[in-house]
Amino acid sequence: PPQSPPQRLFACTAEEMLGAGGQRTAAAGVANSVVDAVAAREPDAERSFMHRYNIASELLQKAVTEGPAEVTAVAVWLRYAAAKLLLWNNDYNVKPRELSAAQMRLTDQAIGILSSCADLREIMRLIMVGVGRGGEGDVGQRIRDEILVIQRNNDQMGGMMEEWHQKLHNNTCPDDVAICQALMDHIESGFDMAVYWDTLRAHGIDHARLSSYDRSIVSEPDLKAAHGKPKKLYDDLAKYLRSLKAVHSGADLESAVEACLGYSLHQVKGNSASKDGVHAVVSDTALANALRDLVASMGAADVETHMTGCVDCRLRLMPLLRPGGELAGDALKDVVYLDLALENAFRADVERTLAYTGAWGMSGLARLVGLAIENCALSLPDNDEMVYCARDWLAASSSADDDAQGWALRIKAAGDRTAVALAEATGHTHALLQPSAEAIGSALRIDGKAIATFTEEVVRAGPGAPLSQLLARLDPVLRAAADLGAWQVIAPYEATGCVICVDFLETVMEEVYAEPAIIVAGRVSGEEEIPEGAVAVVTPDMPDVLSHVAVRARNEGVCFATCFDEGALSSLRAMAGSTVCLRPSGPNDLLVEEVSPAVIDARGTAAITGGNSSPEAAAVPRIERVSWCGSWALPWDEYREGMVGAKSNNVASLRGRLPDWIRLPVSAALPFGVFDELLKDPCNATPAAELQALFTSAGVGQLSAAQLEQARAIAMRVRPTNTARAAIEAAMAFAGVPVPGG
């Protein structure tokens, strides 16, 4: 790690990054028409990538006129192909220039949609990252011609090289980039065969994959003839790799930089290939030089400088990528692929760093996280929250002084906000892609595990993954510096019960446990109910301390804690089925002790019933009706006990007691009793009668999940009177809360 942070190349305020990622694509469910079309066309698509890309172009042209769900389905189908989960060649000979032309057609279409439909930008980037750019002119044909020249010039006319030659002539694909790189690594290692296979495996290629090609590659490379002149073969393959990447590798940094700055390939069979650069990039001398430096320093030890350069170049490209910018067509395509390549290079830098993050220290890791937040903000659609996280992180990380604990606490707060923003973005991606992934995966009989993890793999390959990885490395360092411990005990109650492990608390909300249960839940959003019979909830998640589940736990005397130590959490999970006692020891520690099941007889009944003498008494909570105070709405300075809830009162009590850098949200509240009072008005007579009928038929506290949903739907039809609306809007305006539609 450098002693001081690298100098930033280009200045940019957080606010200038707003909207850089375009608008969010609406999660619109599954387009069954596209799923059916994909299933019907898949046999033809399996003939070659050329067929698949041409079919995708046809489907995409129609889908963009129909809606986001249709476009998403096409993108998911192509993603399955890029992940090597669909057959890509079935006894069909495709000339490289034909494949290149099909790629060009599809990516031209994608870039046209990206430039005209801001809400489809994230889907088009997903398509483009999995489809090579496609070569212009003779670039595609060079793949066929150049391999034969390499063989002849290096005495490699048989064995694996000839098998690869036949495969390239029959049907080139993105695997060829990895094969070429594997041969180069093999030569560079002194012809170590293990290195050859390591490189292939790193790209998802094994013996079975090589053997599955129509023109199989079944031999290992035997480059004895090149042992006397290995550099000649290495250099020839390196030149050939440029041609392969020009067609297949849109997100490769070196080829993407070359496409934007322009290049000229050496002659093969008397033909050369060249490409003009993008004027807006070439004419920006500082940007062009920075891009050349990034290519030259790939893999260098100074990883922070390289990460900084990637983010800075993305910031510099940002105006060119905005809707309505000066670029269009091929120029815009080149810049989009360059932006994708910079994003990809940043992720590779982070992955290199993870092995030795301990050497960076708290301030060094904080700098890397700051870069990762900016990198993520430049990619996410509707990036407002991530941009604000970047601004807060910069303010927090710049506030270092002699109070190391206070600095760590401030950084921790900024990190927690960032983690929440990242989780929300990941949730959107899952809602957008997974329904189509499941429908298409099922229709094409893809492996169930690959279907279940489809969105997870997309997220891992995106800009959120390096940010999440760095936050995870920094969090224990911050917790140690701030003396926060491995636990955050939100509701500090002692609890004894049987350990039950679940993935999501939501899935067991309506369970009724006959014996006291300690729920260890992988995910807790904060909106769940605590199941009846649960005496404790432990999770690695960190819901807001004012969230519904946290407030409910405190009110009901249920132990609720977040565990930040994976080792401690794994130990607790290993006790599944055993009886355990949880004993809080301050806000940052929870003692875990395995005890005899007989202990439940002594402690369990009181814990499970909240101290009542019978389970029946605890089944229906007693709620005291609070009288309406007479005001339809209250600004925060009028909050009082018994008029608004504990969360509102607690937030109001913090005003004037916090440092300047901690900003409380503006707020106004509807006091208790407003809803009941509105139900009395004649304008709400119908929903009032329907609710009363529903409660009468079901009984107090006996509504089923379906009836609760029905009650919510009825409640949404309750309307404020003109007097109530005016009072609510006045209170909001006074508090500085924007009035919806106002």
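## Re the pattern of salt bridges
Step number 1: Overall, the coordinates contain 36 salt bridges when judged by the stated rule.
Step number 2: Taken together, the shared-partner salt bridges in this structure form one network comprising Arg125, Arg314, Asp339 and Glu343.

## Description of the sheet that holds strand β3 (residues 487–491)
Step number 1: In space, the seven strands of this open sheet follow the order β3-β7-β6-β5-β4-β8-β9, with mixed pairing throughout. Edge positions in the sheet fall to β3 and β9 (590–594), since each of these pairs with one other strand and no more. When strand polarity is set aside, the average angle formed by the axes of neighbouring strands in this sheet is 35 degrees.
Step number 2: The pairing of strand β6 (residues 532–539) with strand β7 (residues 559–563) spans four bridges and is parallel. In the sheet register, Val537 faces β7, and the bridge partner there is Phe560.
Step number 3: Running over the sheet, helix α23 (residues 548–556) touches β3 and β7 and is turned about 65 degrees from β3.

## Considerations on empty space enclosed by the protein
Step number 1: All chains considered together, the criterion is met by two cavities of 30 Å³ or more.
Step number 2: Approximately 50 Å³ is the volume found for the second largest cavity.
Step number 3: Around the second largest cavity, the lining residues are Ala20, Arg121, Arg314, Met318, Leu321, Arg322, Asp339 and Leu378.
Step number 4: The biggest single contributor to the lining of the second largest cavity is helix α15 (residues 303–321), with three residues.

## Let's talk about the side chain of Thr353
Step number 1: Here Thr353 lies in helix α16 (residues 329–353).
Step number 2: Take Thr353: its relative accessible area is 0%, and that puts it in the buried class.
Step number 3: One polar contact links the side chain of Thr353 to the main-chain carbonyl oxygen of Asp349, over a distance of 2.8 Å.

What counts as what
- All residue numbers here refer to positions counted from 1 along the written sequence of the relevant chain.
- Since the coordinates come from a predicted model, pLDDT governs what is reported: local features require at least 70, and pairs of side-chain atoms require 80 or more to be given and counted, while whole-chain, interface and lining totals use all residues.
- Side-chain numbers come from the whole structure's heavy atoms, not from hydrogens or water.
- Put simply, a salt bridge is a Lys or Arg side-chain nitrogen that is within 4 Å of an Asp or Glu carboxyl oxygen.
- In this description, strands pair whenever DSSP reports at least two bridges between them.
- Working definition: helices are DSSP H or I runs of at least four residues, strands are E runs of at least two. Numbering for both runs from the N terminus.
- Axis lines are fitted to C-alpha atoms, over the contacting stretch for helices. Their N-to-C directions set the angle, which ranges from 0 to 180 degrees.
- By definition in these notes, contact holds between two residues if any of their heavy atoms fall within 4.5 Å.
- Cavity and pocket criteria rest on a 1 Å grid covering protein atoms alone: a 1.4 Å probe that fits but cannot get out defines a cavity, protein on both sides within 12 Å along at least 5 of 7 lines defines an open pocket, and an atom within 4 Å of a point defines a lining residue.
- Grid points are joined across faces, edges and corners, and a volume is the space filled by probe spheres set on the points.
- Exposure categories follow from relative accessible area, calculated using a 1.4 Å probe and restricted to protein chains: below 20% of the type maximum is buried, above 50% is exposed, and the middle band is partly exposed.
- What qualifies as a polar contact is a pair of N or O atoms within 3.5 Å, subject to a donor-acceptor requirement within protein and to the restriction that residues adjacent in sequence count only when both atoms come from side chains.

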